[in-house]
Amino acid sequence: MGITIEGVSKRFGDFQALYSTSLTIETGSLVALLGPSGSGKSTLLRLIAGLELPDTGRIWLTGRDATYASVQERNIGFVFQHYALFKHMTVRQNIAFGLEIRKASRAEIRARVDELLELVQLSGFGDRYPSQLSGGQRQRVALARALAVEPQVLLLDEPFGALDAKVRKELRAWLRRLHDEVQVTTVFVTHDQEEAMEVADQIVVMNQGRIEQVGSPAEIYDHPATPFVMSFVGQVNVLHPESVLSCQLPGIQGSQQVFFRPHDVVIETDPCSGGMAAQVQTVLHLGREIQAELLLQDGGSLWVHLSREQYAKTPIQRGQWVYVRPKAIKAFPPADKHRAVRNSSVFV
C-alpha cells in the first residue's frame, strides 16, 4: 500500500488552497506534484506529511488512516528546499540525528550512517560541517538524513530549487538512480516541468487547487487532458481556429483555441502548399536546433523549432515569407465540458 487521499481539502482564511482532491499513489513509485505557484501542490504535500490538517477527507499511508496522526507517527522522511541542516553539527551528526532521537544503539547508528554516506556518495565527508559543502552536497546530506530512519514515504518540497541549473540537472539523475536503489515511495513538489519529466514515473499536474491530470511524462506531454496541461507542460503555440483554416485540419470545429507544439510544424516556401502565410521575425541558432518566431497575416505569432537537418533542407531568414502547416494539433471542448476531469479520483 502506498498513499491514498480521499476527498481532502484545505482552506486558509478566505483562500481555498486545495479543493476536494482524491489521489492514489502506488507503493515504491516516484511521483511529481507539478504546477505553478498557488496551485496547491505544496499544500497537498504538507497534508501528507502532517504539517497541516485537512478540513475534509482522509489520508491513508501504507494502509493506515493517518489523517490526524502526528508527524512522528507517520514514519515520513521530509526534505526541504533549503536543506534545514543543523549548522553546528557535522555531516555524520546530521544524518544520525533521527536515529539518536529514536534511541538506536551506537553500533546501529554508526553502521547506518556509514551505509548512507556511501549511498549518497559522500564517504569521507562525515566530519565536515554544512558550511564546508557545496549546495548539491548539502542536499544529498538532507536526503540521507531523511532516509536514515527508513521511512515508508519520502517527501521532497522543491528539493533542487535553490541550486544552479548544472547542479540541478546532475541531482535529478542522481535522485532517479537513488530511488531505483532504495524503492521508497517518493513524492516531490516542483514547478519545473523538465524536472518532473526527467525524474518522475508519474506526474500529477495541479492548477488552482485542483488536479488537472495524472499520467506518465509521455502521457502528459502527448495526450494533455486540458488546455492548462497543454500550455504548462512543454512549449506550445495557441491560435484562434480561423488562423489555421487554410490548413484544412480536422477536429477544430467548435473549438475556441487550437494548440500545437513548435516542433510539430512544417515550413514551406511554396505559396501553393496550403499553409498559413507568415513572415519570419527572428531566427535563433541554439546548437542542436533552430528556433524561429513567425508573424501571421492576422497579427498572431508563433514559434517554430527546426532540427539542423530540417533547417538545412529549408533555410529561412529574417523578413522572408513562408507557409506554415501544423503536423499535429490539439483542440479542446469548452471549459465546462472538460472541467469534470479536474475533480475526478485519479490513480498513480
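Predicted model only: the values in this text are computed from it and were never measured.

**Q** For this particular structure, what's the right way to read the packing of helix 3 (residues 106-119) against helix 4 (residues 135-148)?
**A** The axes of two packed helices give the description: the angle between them and the distance between them. One can describe the packing of helix 3 onto helix 4 by two numbers: an axis separation of 10 Å at closest approach and a directional angle of 140 degrees. If you check the angle between helix 3 and helix 4, you find them oblique. The handedness of the crossing between helix 3 and helix 4 comes out as right-handed. Across the interface between the two elements, Arg-112, Leu-116 and Leu-119 from helix 3 touch Ala-144, Leu-147 and Ala-148 from helix 4.

**Q** What's the story with the pairing of strand 4 (residues 56-61) in this structure? I'm lost.
**A** Successive side chains on a regular strand alternate, one facing one side of the sheet and the next facing the other. Bridging between strand 1 (residues 3-12) and strand 4 involves five bridges; their strand directions are antiparallel. Paired with Ile-3 across the two strands is Leu-61, which belongs to strand 4. As defined by bridge partners, strand 4 adjoins strand 5 (residues 64-65) across two bridges and the pair is classed as antiparallel. If you follow Leu-61 over to strand 5, its bridge partner there is Arg-64. Counted between consecutive antiparallel strands, the loop separating strand 4 from strand 5 contains two residues, among which Thr-62 sits at a positive phi close to 45 degrees.

**Q** For this particular structure, what's the right way to read the confidence of the model for the chain?
**A** Close reading of the predicted structure is inappropriate where its pLDDT is low. Averaged over every residue, the pLDDT of the chain is 88; the share at 70 or more is 91%. Low pLDDT, under 50, characterises residues 336-348; the predicted model gives this stretch 30 contacts beyond four residues in sequence or across chains.

**Q** Honestly, helix 1 (residues 41-49) in this entry has me stumped. Any pointers?
**A** Owing to its 3.6 residues per turn, the α-helix aligns residues three or four sequence positions apart on the same side. Counting buried residues in helix 1 gives seven out of nine residues, a clear majority hidden from the surface. Within the sequence span of helix 1, burial applies to Lys-41, Thr-43, Leu-44, Leu-45, Leu-47, Ile-48 and Ala-49.

**Q** Just checking my understanding: could you explain the packing of aromatic side chains for this structure?
**A** Think of a pair of aromatic rings as described by two things: how far the centres are apart, and how the planes are tilted against each other in angle. Under the criterion given, the structure shown has four aromatic pairs. Ring geometry for Phe-78 versus Phe-80: centroids 4.6 Å apart, planes at 40 degrees, classification tilted. Look at Phe-78 and you get buried, because its relative accessible area is 18%. Sitting over the ring of Tyr-19, Arg-210 keeps its end group 3.8 Å from the ring centre. Cation over ring: Arg-261 sits above Tyr-221, and NZ or CZ is 4.1 Å from the ring centre.

The rules we used
Residues numbered from 1 in each chain as written. Predicted model: local features only at pLDDT ≥ 70, side-chain atom pairs only at ≥ 80, totals over all residues. Heavy atoms only, no water. Axes fitted to C-alpha atoms, helices over the stretch in contact; angles between N-to-C directions. Helix = DSSP H or I, 4+ residues; strand = E, 2+ residues; numbered from the N terminus. Parallel < 35°, antiparallel > 145°, perpendicular 65-115°, else oblique. Left-handed = near helix turned anticlockwise from the far one by under 90°. Contact = heavy atoms within 4.5 Å. Pairing = 2+ DSSP bridges. pLDDT = per-residue confidence, 0-100. Buried < 20%, exposed > 50% of the residue type's maximum accessible area, 1.4 Å probe, protein only. Phe/Tyr/Trp six-rings, centres within 6.5 Å; stacked < 30°, edge-to-face > 60°. Lys NZ or Arg CZ within 6 Å of the ring centre and 35° of its normal.

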